[in-house]
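So the chains spell out like this:
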Protein chains: 4
Amino acid sequence: MPTINLAIAGIGNNIAALLQGVYLYREQYTANKSETLPGIKRFAIGPYRVFDLNFVAAFDVNVNKIGKPLNEAIFISPNNYPHLAVTVPLQVPVSAGPVLDGLSAPLIERCHPHSLSITAEQVTHELVRSKADILLYSLPTGAPLAAEFYARCALNAGVGFVNCTPEKIARNLPLLEEFKKKHLPLIGDDLASHMGSSIVHRTLLQLFADRGITLKNSYQLNLGGNTDFRNLQQRGQSKMDTKKSALSSPNLDTSKVEVIPSAGFISSLEDTKVGIMHFEGLGWGGTPVHLDVTLKVQDSSNAAGIIIDLIRIAAVAKDKKIGGFIEGADYLLKSSPSENCERSLNALDSLVESFV
Amino acid sequence: MPTINLAIAGIGNNIAALLQGVYLYREQYTANKSETLPGIKRFAIGPYRVFDLNFVAAFDVNVNKIGKPLNEAIFISPNNYPHLAVTVPLQVPVSAGPVLDGLSAPLIERCHPHSLSITAEQVTHELVRSKADILLYSLPTGAPLAAEFYARCALNAGVGFVNCTPEKIARNLPLLEEFKKKHLPLIGDDLASHMGSSIVHRTLLQLFADRGITLKNSYQLNLGGNTDFRNLQQRGQSKMDTKKSALSSPNLDTSKVEVIPSAGFISSLEDTKVGIMHFEGLGWGGTPVHLDVTLKVQDSSNAAGIIIDLIRIAAVAKDKKIGGFIEGADYLLKSSPSENCERSLNALDSLVESFV
Amino acid sequence: MPTINLAIAGIGNNIAALLQGVYLYREQYTANKSETLPGIKRFAIGPYRVFDLNFVAAFDVNVNKIGKPLNEAIFISPNNYPHLAVTVPLQVPVSAGPVLDGLSAPLIERCHPHSLSITAEQVTHELVRSKADILLYSLPTGAPLAAEFYARCALNAGVGFVNCTPEKIARNLPLLEEFKKKHLPLIGDDLASHMGSSIVHRTLLQLFADRGITLKNSYQLNLGGNTDFRNLQQRGQSKMDTKKSALSSPNLDTSKVEVIPSAGFISSLEDTKVGIMHFEGLGWGGTPVHLDVTLKVQDSSNAAGIIIDLIRIAAVAKDKKIGGFIEGADYLLKSSPSENCERSLNALDSLVESFV
Amino acid sequence: MPTINLAIAGIGNNIAALLQGVYLYREQYTANKSETLPGIKRFAIGPYRVFDLNFVAAFDVNVNKIGKPLNEAIFISPNNYPHLAVTVPLQVPVSAGPVLDGLSAPLIERCHPHSLSITAEQVTHELVRSKADILLYSLPTGAPLAAEFYARCALNAGVGFVNCTPEKIARNLPLLEEFKKKHLPLIGDDLASHMGSSIVHRTLLQLFADRGITLKNSYQLNLGGNTDFRNLQQRGQSKMDTKKSALSSPNLDTSKVEVIPSAGFISSLEDTKVGIMHFEGLGWGGTPVHLDVTLKVQDSSNAAGIIIDLIRIAAVAKDKKIGGFIEGADYLLKSSPSENCERSLNALDSLVESFV
């Protein structure tokens, strides 16, 4: 069976989820031969089953992670994704990546000294040497230079690129054009959640509109205990805007909706995320309609469940020598270079069917 | 402006909601001239605005309601819909309807003595005399003979018929054929809720399926304090099946969903209905996704918000001499005679547009 | 160290919780030597640590359980308590108990044939032979004859008795007198929950009263998926009264509280119990105070956490030759023979201190 | 009947609640002669019924409020307490108070010009002239100089003082001594809520401890839409400490509790406050106990329900010439000068009884 050689930049909780999940599903499939796997909608995309991934290269700047095999590095603090019930065999060691933006001074001190002198040539060379098909970019939000650095290394190494973060990479149109010319896929930016507050909130706001219940007001707030949440509290307003745009839809008025992306860092939640939503509407005769919703998910599983499809879409596109952004992947992303991003499930289904 | 002459059989909470709402909206529109009214999606259907209704005849068997003007009868026990902030002027008095099925012995004793001798001729005559356009059938569930009695009176009087209950009237195909021949609309059976547990539950089950979250289990339970709820506790299993069918959709597996239509009669809730839903799913790596939802609505407003559209659709159809069931109204009903009832919002929107 | 020899009548989920918990705590204590154990308030009562129990005899009527070692029988259907992370070594086999009341015809057919001819002599003999100190009575509710049968066997065998069910045993005053004469403890009736809906509801109703918030209305409903819940739905009214009495307290008016002991049997909940409580109050100026509470517990752990203290209190009393009911145990029971059952934590604390 | 002459510094939502409530209760009592009033635990304290208040003087710095009669000023923005169903007759006009600390530059600009030159002599004179018995200090938190200013004016005017805010006034021991010498009561600091997150959280943490459920973790977060909430977001850490101390109790370990005093300013909540609490515990065998609580209250009613008792306690003390802090009032306060503040309901009940 064909497999995808995957390189990774940024070894956080998302990768802890992705790596363990791949081995868990492989084990379950080997045992039961059933293509029905928990949390998996698309067993195969093109020729690639959900576990047809090889982890061939990994980059990070954390001095504690560098040099460690990937299966060990994914559990090193501040990572706090749970151990799933699977043993992951020895994996490629984590290499030092470059220190660019996105790190405050105290964090830079904790970087591996090698990181301070890593060059694009070195990263590109490692991508070529490891025979990577796709580079998954998964650093913490807020490092646009690092994101572009890795994207250009991928471009030079002839490797497809998937951007999990809000940095503008697929929406960097000249860069996108270069990927297109080299027949390499460039997919981004920013993951939709597999099942997150935004999609639940948007779905229910749409239901109010469809049924003709007048929205009086609504709010959403989110709690978590991973580093993403600690960071979010400091980036309040910008994330609030992103979250509100994630609610918007052609026929939805979100002027009465208030969103608090990180209402609180609750350490005991660890990598669990709690989304609380409240809706007040007016029904017939102006009588009240109240809806209260609480969503509780494993935050990084929410990312991995999307990443697994984006990587496979990118790999099929690379096989077929389709470069640039892959239309139809929008449904899995928060932003995309598409003119009129519709986030349509139908478009995604059509894309996946065209790969068979 | 044209208005619809409406006759009503069964003066319960639904009619308390409908009558007050119509006067409230008329008052609001007169004051503000705004077509944006709380809880109203379609200001007009055909020529009929949301308040273009005349209540011309009313039937019931309750000795306390008969003879009272409709605006007074709607507040007589066991009705417990709230008083809205509007004064409803004097209305037609409630006439005695016939005692048929659906009444237990103690209830029959509370009936008006006239009710025991009411004939179809008398009801038909009253419909003709009052120049009713549409007869709205809204008795408590469980009286199939009464439902057919009123439908045949409407047929003989040349009046359209809307069935709010689960009795098989629109699905009685020979009867439907007779309405069709006389170019009279017959719309039923059983109202969808404007915003009820079924639609919220179905929407979120669909979301799980769309996102690829494996449903592990889900339950729904409902609490209320009106007579409907007291009755429901005794009709457990049959209503459980209806509720589960209300969740079904072509691509939804509801085998893991448990529904308790009436988990409890809580008198203090009065006409308020509380729906509690719980969802457990499996995301990436089999990690858990938990969703908890509580919906709180005015039960009878939920009915009136649908009734207002069904009456107007029936009235336009009668004006256009379209008989039988009106395709596209399925979205507003729990069951319908349509071969493949799709409950499609698009079909309803098209129908309403065709009326302009 | 001294240990308590325990005999058990009725091998349901409670015993699955009790047996596994005892071995789990022994293992944890052996490993860490810490007297702080999860869910345990009293590491020792008198000389008995939480795990100083020997299971020496067991009775049941279920043909599938009889003859099986106790550690296996606790997992046989309809039991559905989870497997805890501990291996329980081989235990005494389950003996046939007598078939008396409390069984419907189809259940009697599933009984072991031996059960139909078991005599009091045989059970008494087994209690003596096994050197039991205490007999724990834990059959399903609704078998008063069986409860008295086992109590008299204990009396004759010189064994203390703990009644986990609502049958009137400790409140059977002549029987209580006989235990007192023989210096044997008789503790009952009906377990309070370790942390259940009643105690949470009562605590919060008390808080409303203490703070001077006028209670407008309140309701409580409970969901579960074990046999207890299936039975409860059929014993609605009587259990509703018990539950309301469990809420009462000298200065609490519960006239505005509605309780639904089993709002629904939700099979997917298995041995988990969900309690939902709602409170509406009026604060200053009549402005609203709303409180919503959801409690989720392992139902049979809630029993075992109380049983462990009752057994140890009974064992110390037996050692000290204190017969009859043990004042101070009321806090752990729903009903008791005490004149003015106060369910006082202070009285329990004093009792336990007196045992040191 | 005797009445209390009340002067007020700071005309916010609390005063909107207090003033309207007093008139509402007077109206209800006049109509029904019933001493059972919604939200009122103590109809009378000493000779003073709940409505035996005269509002004789009022101070503020807001240019829009100064000069307006008090019954009008309580509704001026940013106040957003609701209008209760009562008409409050004309009241004393609001006087200009001094601008001291607690105001940022833009707010100072909005102050009344007179405020910049108000002296202690003027305020003292107004207290004397108006024959005030008690001065209620209710400015926004964060103005220790203003608090002391008003306390000294009260002292000089021979008026009792109640401090609703966290400023250290009753805990300022030299100042307390001066009040004591002049036989004037000084009660503070900071109001407990009539029914707030702290008391509900503490009560349930205590229940976990009482029952022997091991607390694994717990969190509390609060949402609101009044100015208090907007301010709180900026004073995160200090308020977090206060809130945690409000949870503490001699035998409660709060090390596993996380509190977010203001998780979010949600404008649509206005003066409503939502408290969300989550508890995870370990019961028997380490099996989980989950408790979720949502409290929804009118924030300023929560204050007024406490203020009404503090004012009456102060008035009785003044009548009896008892000076300084009044032991037993601790139950109604967050902090107090008492050595071992126990916040005991019994102590409060004894105090009130001693006043009869």
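Model, not experiment: these values are computed from the prediction.

**Brief notes about the pattern of salt bridges**
At step 1: The tally for this structure, following the rule as stated, stands at 44 salt bridges over all chains.
At step 2: Between Glu280 of chain C and Lys296 of chain B there is a salt bridge, with the nearest N and O atoms lying 3.9 Å from each other. On the criterion of chain membership, the pair formed by Glu280 of chain C in strand S11 (residues 272–282) and Lys296 of chain B in strand S12 (residues 288–298) is interchain, its members lying in two chains.
At step 3: Since its relative accessible area comes to 13%, Glu280 of chain C is described here as buried.
At step 4: The exposure class of Lys296 of chain B is partly exposed, given its relative accessible area of 25%.

**A closer look at the environment of Leu207 of chain B**
At step 1: In this structure, Leu207 of chain B sits in helix H7 (residues 197–211).
At step 2: With a relative accessible area of 5%, Leu207 of chain B lands in the buried category.
At step 3: Not counting residues up to four positions away in its chain, the partners in contact with Leu207 of chain B are Met195, Ile199, Val200 and Thr203 of chain A.

**Focus on the side chain of Gln20 of chain C**
Residue and element names in this part refer to chain C.
At step 1: Counting through the fold element by element, Gln20 comes out in helix H1 (residues 13–32).
At step 2: Only 3.2 Å separates the side chain of Gln20 from the backbone oxygen of Ala16, close enough to count as a polar contact.
At step 3: Among the polar contacts listed, one links the side chain of Gln20 to the backbone nitrogen of Leu84, at a separation of 2.7 Å.
At step 4: Among residues more than four places away in sequence, those in contact with Gln20 are Ile74, Phe75, Tyr81, Pro82, His83, Leu84, Val86 and Val88.

**What to know about the interface of chain A and chain B**
At step 1: With 54 residues of chain A at the contact, the number on the chain B side is 54 residues.
At step 2: Across the interface of chain A and chain B, roughly 4200 Å² is buried in total on both sides, 64% from carbon and sulfur atoms.
At step 3: The largest contributions to the chain A side of the interface with chain B come from Met195, Arg211 and Trp284 of chain A, which together make up 24% of the buried area.
At step 4: Counting across the chain A and chain B interface gives 0 salt bridges.
At step 5: Where chain A meets chain B, there are 22 residue pairs in polar contact (both at pLDDT 80 or more).
At step 6: For the side of chain A that touches chain B, the elements supplying multiple residues, two or more each, are helix H1 (13–32), helix H7 (197–211), strand S12 (288–298) and helix H10 (299–319) of chain A.
At step 7: The element that contributes the greatest number of residues to the side of chain A that touches chain B is S12 of chain A, accounting for 11 residues.
At step 8: Looking at side-chain class alone, the side of chain A that touches chain B contains 33 nonpolar, 16 polar and 5 charged residues.
At step 9: With 9 bridges joining them, S12 of chain A and S12 of chain B adopt antiparallel strand pairing. Looking at the pairing, Leu295 of chain A lines up with Leu291 of chain B of S12 of chain B.

**A closer look at the relation of the copies chain C and chain D**
At step 1: Rotating chain C by 180° and translating it 0.0 Å along the rotation axis places it on chain D, where the RMSD comes to 0.0 Å. Both copies are brought into coincidence by an operation consistent with a two-fold rotation axis. Among all residues of chain C, the one whose C-alpha sits closest to the rotation axis is Val293 of chain C, at a distance of 2.2 Å.
At step 2: Most of the interface of chain C is mirrored in chain D, where 100% of its interface residues are also at the interface.

**Quick word on helix H6 (residues 173–181) of chain D**
Residues and elements named next belong to chain D.
At step 1: When H6 is considered as a whole, its buried residues turn out to be Leu175, Leu176 and Phe179. One side of H6 holds all its buried residues, which, seen down the axis, span an arc of 100°. Projecting away from the buried face of H6 at angles above 90 degrees are the exposed residues Leu173, Pro174 and Lys181.
At step 2: The secondary structure elements touched by the buried residues of H6 are helix H5 (144–157), strand S7 (160–163) and strand S8 (186–187).
At step 3: Directly after H6, the chain includes His183, whose backbone phi takes a positive value near 60°.

**Observations regarding the confidence of the model for chain A**
Fine structural detail should not be taken from predicted coordinates in areas where pLDDT scores are low.
At step 1: Per-residue confidence for chain A gives a mean pLDDT of 90; residues scoring 70 or more make up 93%.
At step 2: The complex model carries a pTM of 0.91, and its ipTM stands at 0.91.

**Section: the sheet that holds strand S10 (residues 257–265) of chain B**
Each strand in a sheet pairs with another by means of backbone hydrogen bonds, the pair being arranged parallel or else antiparallel.
At step 1: Pairing is mixed in the open sheet, where 8 strands are placed in the order S10(A)-S9(A)-S11(A)-S12(A)-S12(B)-S11(B)-S9(B)-S10(B). The sheet is open, and its two edges are formed by strand S10 (257–265) of chain A together with S10 of chain B, each paired on a single side. Here the average twist between neighbouring strands, direction ignored, is 10°.
At step 2: Docked against the sheet, H7 of chain A engages strand S9 (214–224), S10, strand S11 (272–282) and S12 of chain A together with S12 of chain B, running at close to 15° with respect to S11 of chain A.
At step 3: Packing against the sheet, H10 of chain A makes contact with S11 and S12 of chain A, and its axis sits at approximately 80° to S12 of chain A.

**Focus on the sheet that holds strand S4 (residues 53–60) of chain B**
All names here are of chain B.
At step 1: Taken together, 6 strands build an open sheet; the order of strands is S5-S4-S1-S6-S7-S8 and the sheet is parallel. One side of each edge strand has no neighbouring strand; the edge strands of this open sheet are strand S5 (95–96) and strand S8 (186–187).
At step 2: Bridge analysis of strand S1 (residues 4–9) against S4 gives 6 bridges, and the strand direction is parallel. Paired with Ile8 across the strands is Ala58, a residue of S4.

**A closer look at the packing of helix H4 (residues 120–129) of chain C against helix H5 (residues 144–157) of chain C**
Residue and element names in this part refer to chain C.
At step 1: Interaxial distance between H4 and H5 falls to 9 Å at its minimum, and their mutual angle equals 50°. In terms of orientation, H4 and H5 fall into the oblique class. The way H4 lies across H5 gives a crossing that is right-handed. Here Ala120, Val123, Thr124, Leu127 and Val128 of H4 come into contact with H5, specifically with Phe149, Tyr150, Cys153, Ala154, Asn156 and Ala157.
At step 2: For the contact of H4 with H5, a count of residues per class yields 9 nonpolar, 2 polar and no charged.

**Let's talk about the arrangement of the chains**
At step 1: Contact between chain A and chain C is absent, and the least distance between their C-alpha atoms amounts to 11 Å.
At step 2: The two units chain B and chain D are non-contacting; their minimal C-alpha-C-alpha distance is 11 Å.

**A closer look at the interface of chain C and chain D**
At step 1: On the chain D side, the residues contacting the 54 residues of chain C number 54 residues.
At step 2: Taking both partners together, chain C and chain D bury about 4200 Å²; carbon and sulfur atoms supply 64% of that area.
At step 3: On the chain C side of the contact with chain D, Met195, Arg211 and Trp284 of chain C bury the most area, a combined 24% of that side's loss.
At step 4: Our count for the chain C to chain D interface comes out at 0 salt bridges.
At step 5: At the boundary of chain C with chain D, the tally comes to 23 residue pairs in polar contact (both at pLDDT 80 or more).
At step 6: Among the secondary structure elements, those contributing two or more residues to the side of chain C that touches chain D are H1, helix H7 (197–211), strand S12 (288–298) and helix H10 (299–319) of chain C.

**A look at helix H11 (residues 345–354) of chain D**
Residues and elements named next belong to chain D.
At step 1: Those residues of H11 that fall on the buried side of the exposure criterion are Leu345, Leu348, Leu351 and Val352. Projected down its long axis, H11 shows its buried positions confined to an angular sector of 125°, all on one face. Opposite its buried face, H11 presents the exposed residues Asn346 and Glu353, each directed more than 90 degrees away.

**What to know about the packing of H7 of chain A against H7 of chain B**
At step 1: Where H7 of chain A contacts H7 of chain B, the two axes come as close as 11 Å, and the packing angle between them is 140°. By the angle between their axes, H7 of chain A is oblique relative to H7 of chain B. Remark: the crossing between H7 of chain A and H7 of chain B carries right-handed chirality. Residues Ile199, Val200, Thr203, Leu204, Leu207 and Arg211 of chain A of H7 of chain A form the contact with H7 of chain B, whose own contacting residues are Ile199, Val200, Thr203, Leu204, Leu207 and Arg211 of chain B.
At step 2: Looking at side-chain class alone, the contact of H7 of chain A with H7 of chain B contains 8 nonpolar, 2 polar and 2 charged residues.

**Here's the deal with the environment of Leu223 of chain C**
At step 1: By secondary structure assignment, the location of Leu223 of chain C is in strand S9 (residues 214–224).
At step 2: In the structure, Leu223 of chain C is positioned 68 residues away from Leu155 of chain C in sequence and 37 Å away in space, judged by C-alpha atoms.
At step 3: With residues near it in sequence (within four places) discarded, Leu223 of chain C still touches Tyr219 and Leu221 of chain B together with Phe229, Ala263, Gly264, Ile266, Leu269, Thr272, Lys273, Val274 and Ile276 of chain C.

**Quick notes on the packing of aromatic side chains**
At step 1: All chains considered together, the criterion is met by 36 aromatic pairs over all chains.
At step 2: Judged by centre distance (5.5 Å) and plane angle (20°), the ring pair of Phe208 of chain A and Phe279 of chain A falls under stacked. Pair noted here: Phe208 of chain A is in helix H7 and Phe279 of chain A is in strand S11, with a separation of 71 residues, a long-range link. Across this residue pair, the class does not change: Phe208 of chain A and Phe279 of chain A are buried.
At step 3: Taken together, a centroid distance of 5.3 Å and an interplanar angle of 35° make the contact between Tyr29 of chain D and Phe51 of chain D tilted. With Tyr29 of chain D in helix H1 (residues 13–32) and Phe51 of chain D in the loop between strand S3 (48–49) and strand S4 (53–60), this pair connects stretches of sequence that are 22 residues apart. The pair formed by Tyr29 of chain D and Phe51 of chain D is uniform in burial state, with each residue classed as buried.
At step 4: An aromatic cluster of three or more residues is present, and its members are Phe59, Tyr137, Phe149, Tyr150 and Phe161 of chain A.
At step 5: Across from the ring centre of Tyr331 of chain D, 5.0 Å away, lies the NZ or CZ of Arg211 of chain C, which sits over that ring.
At step 6: Arg26 of chain D extends its terminal NZ or CZ atom over the ring of Tyr23 of chain D, reaching a point 4.9 Å from the ring centre.

Conventions adopted
Residues numbered from 1 in each chain as written. Chains lettered and ligands numbered in written order. Predicted model: local features only at pLDDT ≥ 70, side-chain atom pairs only at ≥ 80, totals over all residues. Heavy atoms only, no water. Salt bridge = Lys/Arg side-chain N within 4 Å of Asp/Glu carboxyl O. Helix = DSSP H or I, 4+ residues; strand = E, 2+ residues; numbered from the N terminus. Buried < 20%, exposed > 50% of the residue type's maximum accessible area, 1.4 Å probe, protein only. Contact = heavy atoms within 4.5 Å. Polar contact = N/O pair within 3.5 Å; in protein donor to acceptor, adjacent residues only side chain to side chain. Buried area = accessible area lost by both parts, 1.4 Å probe. Nonpolar A, V, L, I, M, F, W, Y, C, P; charged D, E, K, R; others polar. Pairing = 2+ DSSP bridges. Least-squares fit on C-alpha atoms with pLDDT ≥ 70 in both. Arc of directions from axis to C-beta. pLDDT = per-residue confidence, 0-100. Axes fitted to C-alpha atoms, helices over the stretch in contact; angles between N-to-C directions. Parallel < 35°, antiparallel > 145°, perpendicular 65-115°, else oblique. Left-handed = near helix turned anticlockwise from the far one by under 90°. Phe/Tyr/Trp six-rings, centres within 6.5 Å; stacked < 30°, edge-to-face > 60°. Lys NZ or Arg CZ within 6 Å of the ring centre and 35° of its normal.

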